[in-house]
Amino acid sequence: MLIAGIVVALRIQNGRRGKMAFVTLDDGDAQAEVVVFNETFDAARSLLREDQLVIVEAKITPRMGEGGEMQGMRVSAEAVFDLPTLRKRHARVLRLACNGGADAKRLYELLAPFRPGILPIVVEYRNHGVAGELELPDEWRVNPDETLIAQLAEWLAPENVRVVY
């Protein structure tokens, strides 16, 4: 399961198997505490700081009390990513919504520096009651780079550029 949020609190302590962190993430609707154990903590140390957006690949298990009663759920991090790393690992498709004002030459110019890549592109076209989708050929695949996403969002508007996971 993937969980995303801004780090709003971080507490580090020494455990039986080394350092571990208790990270509180806020997604704008709710907060969740995530336990990050030693090996994962070492790999993600540079990402785990307040006001940082992180995405956690998590495992959720029941938390049991002394008498065997369930006391809630424990969220444990198996991996921690920043957004660029997540896009490279988990993005499935880049969806671009265009209308009659979109320019194929401009699209080519924006995509060219990021080709060849791994991420397929689907263009959604809507204009004057006509709509359709076109998956671009494999040679149009791009690397899901932050600069590319920003340039496409500036050209097409942010709501018309979606990375699908």
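Residues numbered from 1 in each chain as written. Predicted model: local features only at pLDDT ≥ 70, side-chain atom pairs only at ≥ 80, totals over all residues. Heavy atoms only, no water.

Chemist: Outline the sheet that holds strand 1 (residues 2-15), supporting the account with residue identities and numerical values.
Modeler: Judged by pairing direction, the barrel is mixed, and its five strands sit side by side in the order 1-2-3-5-4 before closing back on the first. In this sheet, adjacent strand axes meet at a mean angle of 40° when their direction is disregarded. As judged from the nine bridges shared by strand 4 (residues 53-64) and strand 5 (residues 70-81), these two strands associate in the antiparallel manner. When the bridges of strand 5 are listed, Ala 58 appears paired with Ala 77. With respect to the sheet, helix 2 (residues 83-90) is in contact with strand 1, strand 4 and strand 5, its orientation differing from that of strand 5 by roughly 85°. (Pairing = 2+ DSSP bridges. Helix = DSSP H or I, 4+ residues; strand = E, 2+ residues; numbered from the N terminus. Axes fitted to C-alpha atoms, helices over the stretch in contact; angles between N-to-C directions. Contact = heavy atoms within 4.5 Å.)

Chemist: Could you give an account of the sheet that holds strand 9 (residues 161-164), with specific residues and numbers?
Modeler: Judged by pairing direction, the sheet is mixed, and its four strands sit side by side in the order 8-7-6-9 without closing on themselves. On the outer flanks of this sheet lie strand 8 (130-135) and strand 9, each paired with one strand and no other. Between one strand and the next, the sheet's axes are offset by a mean angle of 15°, whatever the strand orientation. Note: strand 7 (residues 121-127) against strand 8, six bridges, orientation antiparallel. In the sheet register, Asn 127 faces strand 8, and the bridge partner there is Val 130.

Chemist: A description of helix 4 (residues 146-156) should follow, citing residues and the corresponding values.
Modeler: All of the buried residues in helix 4 are Leu 148, Ile 149, Leu 152, Ala 153 and Leu 156. Buried residues of helix 4, seen end-on, are gathered within an arc of 130° and therefore sit on one face of the element. Against the buried residues of helix 4 lie helix 2, strand 6 (93-98), helix 3 (104-111) and strand 9. For helix 4, the N-terminal cap is Asp 145; the gap from its side-chain oxygen to the backbone nitrogen of Thr 147 is 2.7 Å. (Buried < 20%, exposed > 50% of the residue type's maximum accessible area, 1.4 Å probe, protein only. Arc of directions from axis to C-beta. Polar contact = N/O pair within 3.5 Å; in protein donor to acceptor, adjacent residues only side chain to side chain.)

Chemist: Please provide a residue-by-residue account of a nonpolar patch on the surface, values included.
Modeler: A cluster of nonpolar side chains, contributed by Met 1, Ile 60, Met 64, Met 70 and Met 73, occupies part of the molecular surface with about 530 Å² of accessible area. Elements with a contribution of two residues or more to the nonpolar patch: strand 4 and strand 5. Among the secondary structure elements, Ile 60 is positioned in strand 4. (Patch = residues over 30% accessible without salt bridge, like charges linked within 9 Å, V, L, I, M, F, W, Y side chains within 5 Å. Areas by Shrake-Rupley, 256 points an atom, 1.4 Å probe, with all protein chains shown as cover. Salt bridge = Lys/Arg side-chain N within 4 Å of Asp/Glu carboxyl O.)

Chemist: Give me the packing of aromatic side chains: which residues, what numbers.
Modeler: Two aromatic rings, taken as a pair, are described by how far apart their centres are and by the angle between their planes. In total, this model carries one aromatic pair according to the counting rule given. When the centroid spacing of 5.7 Å and the interplanar angle of 70° are considered together, the rings of Tyr 108 and Trp 140 count as edge-to-face. Of this pair, Tyr 108 sits in helix 3 while Trp 140 sits in the loop between strand 8 and helix 4, and the two are 32 residues apart along the sequence. The residue whose ring lies beneath Arg 115 is Trp 140, and the NZ or CZ to ring-centre distance is 4.9 Å. (Phe/Tyr/Trp six-rings, centres within 6.5 Å; stacked < 30°, edge-to-face > 60°. Lys NZ or Arg CZ within 6 Å of the ring centre and 35° of its normal.)

Chemist: Please set out the nonpolar core residue by residue, giving values where relevant.
Modeler: One broad trend across soluble globular proteins is that nonpolar side chains are buried collectively. The biggest cluster of nonpolar side chains holds 20 residues, and the ones touching the most others in it are Leu 94, Leu 96, Leu 111, Ile 121, Val 142, Leu 152 and Val 161. Those elements giving two or more residues to this core turn out to be strand 6, helix 3, strand 7, helix 4 and strand 9. Top contributing element to this core by residue count: helix 4, with five residues. Those residues within four positions of Leu 96 in sequence are excluded, and the remaining contacts are Leu 107, Ile 121, Val 122, Val 123, Glu 124, Leu 152, Leu 156, Asn 160 and Val 161. Core analysis: the next-biggest nonpolar cluster, separate from the first, contains 17 residues, Ile 3, Leu 25, Phe 41 and Ala 58 among them. (Core = buried A, V, L, I, M, F, W, Y, C linked by side-chain atoms within 4.5 Å.)

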